[in-house]
Amino acid sequence: MAATIATAAPASAAKKPWYKVLYIQVLTAIVLGVIVGWLWPDLATNDWIKALGDGFIKLIKMVIAPIIFCTVVAGIAHIQDAKKVGRIGVKALVYFEVVSTFALIIGLFVGNVVRPGAGFGSAAASAQAVETFAKQAQAQKTVDFFLHIIPDTVVGAFASGEILQVLLFSILFGFSLMGLGERGHTLRAFIDDAAHAVFGVIAIVMRAAPIGAFGAMAYTIGKFGTGTILNLLGLIATFYVTAILFVVVVLGIIARIVGFSIFKFLAYIKDELLIVLGTSSSESALPSLMEKLERLGCSKSVVGLVVPTGYSFNLDGTNIYMTLATLFIAQALGLLVAMLTSKGASGITGAGFITLAATLAVVDARLVPGMAVVLGIDKFMSECRALTNLCGNGVACVVVSWWEGELDRSRLETNLNKQVDPTDMETAVTTG
C-alpha cells in the first residue's frame with residue numbers, strides 16, 4: 001500500500017499549553033456562549049452570531065462527502081475478498097438493530113417509571129406550530145427512504161451532501177476499482193493522497209470549532225431562553241439521565257465485552273463530544289471521528305462502511321428521544337399508548353422532531369398535536385440526541401472491527417491512555 005491514514009503515533013511529543021488544547025477552547029466557548037445568550041439575548045440572536053455556528057457546520061459538511069468517498073473507496077479497493085464488504089455491512093446492520101432496540105427499551109422503561117408527563121398542564125405553544133413538522137413526517141414512507149438512497153446523479157449526491165447516496169456510489173466505485181487489479185494502482189494511490197489532503201483540510205477547519213460552538217450556543221440560548229427549559233425541566237432531565245444510563249450501562253457493557261473502557265473511550269473523543277454539544281449537530285464531528293477511529297486501531301474498510309451508515313441507521317439517541325417524548329405527550333394528554341409500533345418507525349429519515357411526528361402518527365394520530373408540548377425544548381434535547389448518536393456510532397465501529405478480527409489491540413490500548421487532539425490530525429498521516 002502506497003499510503004495509509006492514521007497509522008503513526010499521534011500528536012507531537014511536546015505537550016501543548018492548556019489554552020491551545022481544542023477541547024478546552026471549545027468548552028470555554030460554550031460557557032461564553034451561554035453567558036452572552038443569557039445576558040444579551042438581542043446581541044446573541046444577531047444574524048452574524050448565528051452565522052458563526054452555521055458557518056462552521058457548513059465548513060464541516062463541505063468535506064464530509066469527499067471524506068466518505070476517499071475512505072470507503074480506499075478501504076474497499078485494498079480488500080482482496082469482495083465478500084468481506086458484504087460481511088461487514090451485515091454485521092453492522094445486525095449490531096445497529098440490536099443496540100437500537102435496547103435504546104428503545106430503556107426509553108420505554110424509564111418513561112413509564114418516571115412518568116415525566118403525568119399531571120403536566122396545557123402546552124405553552126400552539127398545536128399549529130407543529131403542523132409543518134407533522135406534514136413532513138406524514139409524507140415519509142419506507143419505500144421513499146430506500147429510493148432516496150439512489151441519487152439522481154453522482155454529482156448531485158456530492159453537491160447535496162447526502163451521506164447514504166455518497167456511500168452507495170463510493171461502495172460501487174470501490175468494487176469497480178478493486179476489480180481493476182494492478183491497473184487501478186495509480187488511481188488507488190491518488191485516492192489515498194486525496195484522503196491525506198482532505199484530512200489536512202479538516203485539521204484546518206477544526207481550528208474554528210470554538211468560534212462555531214460559541215455562535216451556536218449563544219444564538220440557541222438567546223433565541224429560546226431559559227424559561228422554556230425550566231417549564232419542562234422534568235422531561236429534559238429524564239432524557240439526559242436516560243441517555244447517560246444507555247451510554248454508561250449498555251454501551252459500557254458492550255465495550256467491556258470487546259475489551260476497553262467506555263469512560264476512556266469517551267475521554268478519547270471528548271473533543272468531538274464538545275463540538276457536538278456546542279453545535280447540536282453530530283455531523284460536525286463525523287470527519288474527525290472517522291480519523292480518530294482509524295487511529296484507534298479500527299481498519300479503514302470498517303470505519304468507511306460503519307460510521308457513515310450508522311449516521312442513518314444507528315440513531316440510539318433519537319430512539320430514546322422518541323420513546324420518552326411519545327410517552328411524555330401521551331401522559332400529558334391522558335392517553336394510553338402501545339409503544340411497540342414505534343420500533344417500526346425508527347428508521348424513518350429526517351430530523352429527530354420530524355421522526356417523532358411520524359412515530360406519533362403511527363401510534364395514535366391524536367398525539368400529533370401534543371408535539372407542541374415539546375417543541376420549545378427540542379433544540380436543547382437535540383444536543384443530547386446528537387451526543388448519544390455519536391457515542392453509539394463510535395462504539396459500533398470498534399465492535400464491528402473486533403467482530404471482523406480487524407481491531408489492533410495495541411493501538412487501541414495505547415491511544416485510549418493518551419490525549420489526542422484533532423488539530424494534530426496531520427501528524428497521524430504517514431506514508432508507508
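Structure: above.
Quick caveat, the model's predicted, so the values are computed rather than measured.

The subject of this paragraph is the overall build of the protein. Scanning the protein from terminus to terminus reveals 21 helices and 2 strands. Per-residue burial over the protein gives 54% buried out of 432 residues. Taking the intrachain contacts of the protein between residues at least 6 apart in sequence as the baseline, contacts between residues at least 24 apart amount to 85%. Taken as a whole, the protein presents about 18300 Å² of accessible surface, with 65% of it coming from carbon and sulfur.

In this structure the tally under the stated criterion is 0 disulfides. Unpaired in terms of disulfides, Cys298 finds its nearest cysteine sulfur in Cys397, a separation of 4.1 Å. Take Cys298: its relative accessible area is 4%, and that puts it in the buried class. Considering cysteine sulfurs only, Cys384 is the nearest to Cys391, which forms no disulfide, with 9.3 Å between them.

Moving on, we come to the packing of helix α8 (residues 163–179) against helix α16 (residues 300–313). Look at α8 against α16: their axes get within 9 Å of each other, and the N-to-C directions meet at 150°. By the angle class used here, α8 and α16 are roughly antiparallel. The chirality of how α8 crosses α16 is left-handed. Residue-level inspection shows Ile163, Leu164, Leu167 and Ile171 of α8 in contact with α16, the latter providing Gly304, Leu305, Pro308, Thr309, Tyr311, Ser312 and Phe313. Across the contact of α8 with α16, the residue classes break down as 8 nonpolar, 3 polar and no charged.

Our next topic: the environment of Leu245. If you trace the backbone, Leu245 turns up in helix α12 (residues 233–258). For Leu245, a relative accessible area of 39% puts it in the partly exposed group. Taking the C-alpha atoms as reference points, Leu245 and Val110, 135 residues apart in sequence, are found 10.0 Å from one another. What Leu245 contacts, discounting residues up to four positions off in sequence, is Ile106, Val110 and Val250.

Among the 11 residues that make up helix α15 (residues 286–296), 11 are buried, leaving the element largely enclosed by the rest of the structure. Along α15, the residues classified as buried are Leu286, Pro287, Ser288, Leu289, Met290, Glu291, Lys292, Leu293, Glu294, Arg295 and Leu296. Of the residues one or two after α15, Gly297 is the one with positive phi, at around 120°.

With that out of the way, let us pick up the pattern of salt bridges. This structure, assessed with the given rule, holds 7 salt bridges. Among the salt bridges present, the one from Glu291 reaches Arg295, with a minimum N-O distance of 2.6 Å. Of this pair, Glu291 and Arg295 are both found in helix α15, 4 residues apart, which corresponds to roughly one turn of the helix. Residue Glu294 pairs with Lys300 through a salt bridge whose shortest N-O separation is 3.7 Å. For the pair formed by Glu294 and Lys300, the shared burial category is buried. Put simply, Arg87, Lys91 and Glu404 are held in one network by salt bridges that share partners.

This part takes up the side chain of Asp316. Here Asp316 lies in helix α17 (residues 316–333). Overall, the relative accessible area of 0% leaves Asp316 in the buried class. Apart from residues no more than four positions distant in its own chain, Asp316 is found in contact with Val99, Ser100, Ala103, Phe246, Thr388, Asn389 and Gly392.

Analysis parameters
Residues numbered from 1 in each chain as written. Predicted model: local features only at pLDDT ≥ 70, side-chain atom pairs only at ≥ 80, totals over all residues. Heavy atoms only, no water. Helix = DSSP H or I, 4+ residues; strand = E, 2+ residues; numbered from the N terminus. Buried < 20%, exposed > 50% of the residue type's maximum accessible area, 1.4 Å probe, protein only. Contact = heavy atoms within 4.5 Å. Areas by Shrake-Rupley, 256 points an atom, 1.4 Å probe, with all protein chains shown as cover. Disulfide = S-S within 2.5 Å. Axes fitted to C-alpha atoms, helices over the stretch in contact; angles between N-to-C directions. Parallel < 35°, antiparallel > 145°, perpendicular 65-115°, else oblique. Left-handed = near helix turned anticlockwise from the far one by under 90°. Nonpolar A, V, L, I, M, F, W, Y, C, P; charged D, E, K, R; others polar. Salt bridge = Lys/Arg side-chain N within 4 Å of Asp/Glu carboxyl O.

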